[in-house]
Amino acid sequence: MNILITGGAGFIGSHTCVALLEAGHSVVVADNLCNSSAAALERVRQITGKELLFYQIDVTAAALVEGIFKKHRFDGVIHFAGLKAVGESVEQPLEYYYNNTVSTMVLAAACRKYGVKRFVFSSSATVYGENEVPFVETMALRPAANPYGRTKAMSEQILSDAARAEPGWAVALLRYFNPVGAHESGLIGEAPTGVPNNLMPYITQVARGKLAKLRIFGDDYPTIDGTGVRDYIHVCDLAEGHLRALEGLRPGVHRYNLGTGRGTSVLQLVKAFEKANGLKLPCEIAARRPGDIAESYADVSKAERELGWKARRDLVQMCRDAWRFEQGAEI
Ligand code: NAD
Ligand code: WQD
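Treat the numbers as computed from the prediction; the structure is a model and nothing was measured.

## Quick word on the overall build of the chain
Then step 1. Check the secondary structure of the chain and you find 11 helices and 13 strands.
Then step 2. Evaluated residue by residue, the chain yields a buried proportion of 55% over its 331 residues.
Then step 3. Long-range contacts, defined as pairs at least 24 residues apart, comprise 79% of the intrachain contacts of the chain with a sequence gap of at least 6.
Then step 4. Summed over all atoms, the accessible surface of the chain reaches about 14,100 Å², with 50% contributed by carbon and sulfur.
Then step 5. Put simply, the chain has 37 plus and 36 minus side-chain charges, and the middle of one group is 3 Å from the middle of the other.

## Points about the packing of helix H3 (residues 62–71) against helix H5 (residues 93–114)
Relative orientation and spacing of two packed helices are given, respectively, by the angle between their axes and the distance between those axes.
Then step 1. Relative to each other, H3 and H5 sit at 35°, their axes nearing to 10 Å. For the pair H3 and H5, the sense of crossing is right-handed. Residues Ala62, Val65, Glu66, Phe69 and Lys70 of H3 form the contact with H5, whose own contacting residues are Val106, Leu107, Ala110, Cys111, Lys113 and Tyr114.
Then step 2. For the contact of H3 with H5, the residue count by class is 8 nonpolar, no polar and 3 charged.

## Quick word on the site of ligand 1
Then step 1. If you check the shell around ligand 1, you find 26 residues, and the closest are Asp31, Asn35, Ser36, Asn99 and Tyr148.
Then step 2. Contacts to ligand 1 include Phe80, whose backbone N or O atom sits 2.8 Å from an oxygen atom.
Then step 3. In the environment of ligand 1, an oxygen atom lies 2.9 Å from a nitrogen or oxygen atom belonging to the side chain of Lys152.
Then step 4. Considered on its own, ligand 1 offers 810 Å² of accessible surface; in the complex 95% of this is hidden by protein.
Then step 5. Considering each element in turn, the shell around ligand 1 owes the most residues, 3 residues, to strand E5 (residues 118–124).

## Quick notes on the side chain of His25
Then step 1. Relative to the helices and strands, His25 resides in the loop between helix H1 (11–22) and strand E2 (26–30).
Then step 2. Overall, the relative accessible area of 10% leaves His25 in the buried class.
Then step 3. At 2.7 Å, the side chain of His25 forms a polar contact with the side chain of Glu247.
Then step 4. Among residues more than four places away in sequence, those in contact with His25 are Met1, Leu20, Leu243 and Glu247.

## Comments concerning the site of ligand 2
Then step 1. Neighbouring ligand 2 are 19 residues, the closest being Tyr148, Leu199, Arg215, Arg230 and Asp292.
Then step 2. Arg230 has a polar side-chain atom sitting 2.5 Å from an oxygen atom of ligand 2.
Then step 3. Between Asp292 and ligand 2, the recorded distance is 2.5 Å, taken from a side-chain N or O atom to an oxygen atom.
Then step 4. Taken by itself ligand 2 offers 690 Å² of open surface, and the protein chains cover 87% of this.
Then step 5. Of all the secondary-structure elements, those providing two or more residues to the shell around ligand 2 are helix H7 (199–208) and strand E8 (214–217).
Then step 6. When the residues that make up the shell around ligand 2 are grouped by side-chain class, the tally is 9 nonpolar, 6 polar and 4 charged.

## A word on the nonpolar core
Then step 1. Of all hydrophobic cores here, the largest spans 38 residues; its most connected members are Leu20, Val27 and Leu174.
Then step 2. Contributions of two or more residues to this core are made by strand E1 (2–6), H1, E2, helix H2 (39–48), strand E6 (170–176), helix H8 (235–248), strand E11 (252–258) and helix H10 (301–307).
Then step 3. Counting residues in each nonpolar core, the second largest holds 26 residues, with Ala30, Phe69, Cys111 and Trp169 among its members.

Criteria and thresholds
- Residues numbered from 1 in each chain as written.
- Chains lettered and ligands numbered in written order.
- Predicted model: local features only at pLDDT ≥ 70, side-chain atom pairs only at ≥ 80, totals over all residues.
- Heavy atoms only, no water.
- Helix = DSSP H or I, 4+ residues; strand = E, 2+ residues; numbered from the N terminus.
- Buried < 20%, exposed > 50% of the residue type's maximum accessible area, 1.4 Å probe, protein only.
- Contact = heavy atoms within 4.5 Å.
- Areas by Shrake-Rupley, 256 points an atom, 1.4 Å probe, with all protein chains shown as cover.
- Lys, Arg positive; Asp, Glu negative; His and termini not counted.
- Charge placed at Lys NZ, Arg CZ, Asp CG, Glu CD.
- Axes fitted to C-alpha atoms, helices over the stretch in contact; angles between N-to-C directions.
- Left-handed = near helix turned anticlockwise from the far one by under 90°.
- Nonpolar A, V, L, I, M, F, W, Y, C, P; charged D, E, K, R; others polar.
- Near = heavy atom within 4 Å.
- Polar contact = N/O pair within 3.5 Å; in protein donor to acceptor, adjacent residues only side chain to side chain.
- Core = buried A, V, L, I, M, F, W, Y, C linked by side-chain atoms within 4.5 Å.

Below, the structure written as structure tokens:
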């Protein structure tokens, strides 16, 4: 298949480019590089030994997107492009609503015009908000109360309605849990600009000495050890999930959780990282972070049943690969 990957230079997008190229698909990337670098695509070429095409465009720009659809005949689109910092979305709501929902509409409209029927969308476990764990695809959504979370729920709705009006459309709404780790080559990974918001990149930067210590946001949650529980998934497993979703997609709208189904607390992750890499991480307990929930983990049975996909990599590999990338590449 010939696939358009928006946001393909980013963390999850670059690993998905690798998975698709290795499976024999052709890839065209559209990314404005607002949170990434073209060097990541060079690394994708290096890992796979294969070529991919790259357009540096903003995918909210309908005319530019159409220009790409005119030039190439796509079999499907994977739409990663988006802004993803929860705190920033509270400070810049209009930028988040515009970027994340308009990009979805522009791409869906181009798909309709050019007869592209497969659409895979990067959604998030954040759409479940405060539901009971494990989160199941059939649950009523309660998106986390921030603009970022709402843009994901809105984009899901937009795509569901669009698919209902277009016979033959096949849409996968992939709800990622907490993607971490990096490609085992150490060549691509998560390279946040500024101080990381997410736990794993914060940990790797503390381990590297770039940050003094990890602050653990709350130890009084009703969880196994009082710290927040999340479902961490290796980014390469997540990338393979996209491949399976794309290849196995049937007409209609399908929601899939992509996680491991296992919850890990902050303290458990810290211990796993220390053990996997033979390091000690300076930590302190701090106040809860506003907006955080106690527990989030997936029921992953639907993806396994319908896509034949299951995460294979464990916490040790996630910690080793994240640390290898941190030590090596500055991209
Ligand atoms: P990322 O920031 O590394 O990648 C996003 C990419 O999209 C970047 O390369 C950025 O330059 C590009 N981009 C943003 N807006 C654009 C626009 N208007 N036009 C063109 N390119 C644009 O983030 P990621 O972690 O790889 O996330 C990819 C997707 O998955 C996002 O939609 C994100 O919301 C979603 N997601 C991420 C996580 C996570 O924890 N990383 C969890 C759930 C969902
Ligand atoms: C994980 C746990 C924190 C940093 C966010 C988004 C979500 C999704 C993934 C895109 C929590 C704790 C963290 C730190 C800490 N993104 N923590 N010290 O909050 O589950 O999800 O990223 O869709 O929408 O909200 O991930 O990595 O920020 O936090 O103690 O310095 O680590 O409190 O329990 P989260 P996270």
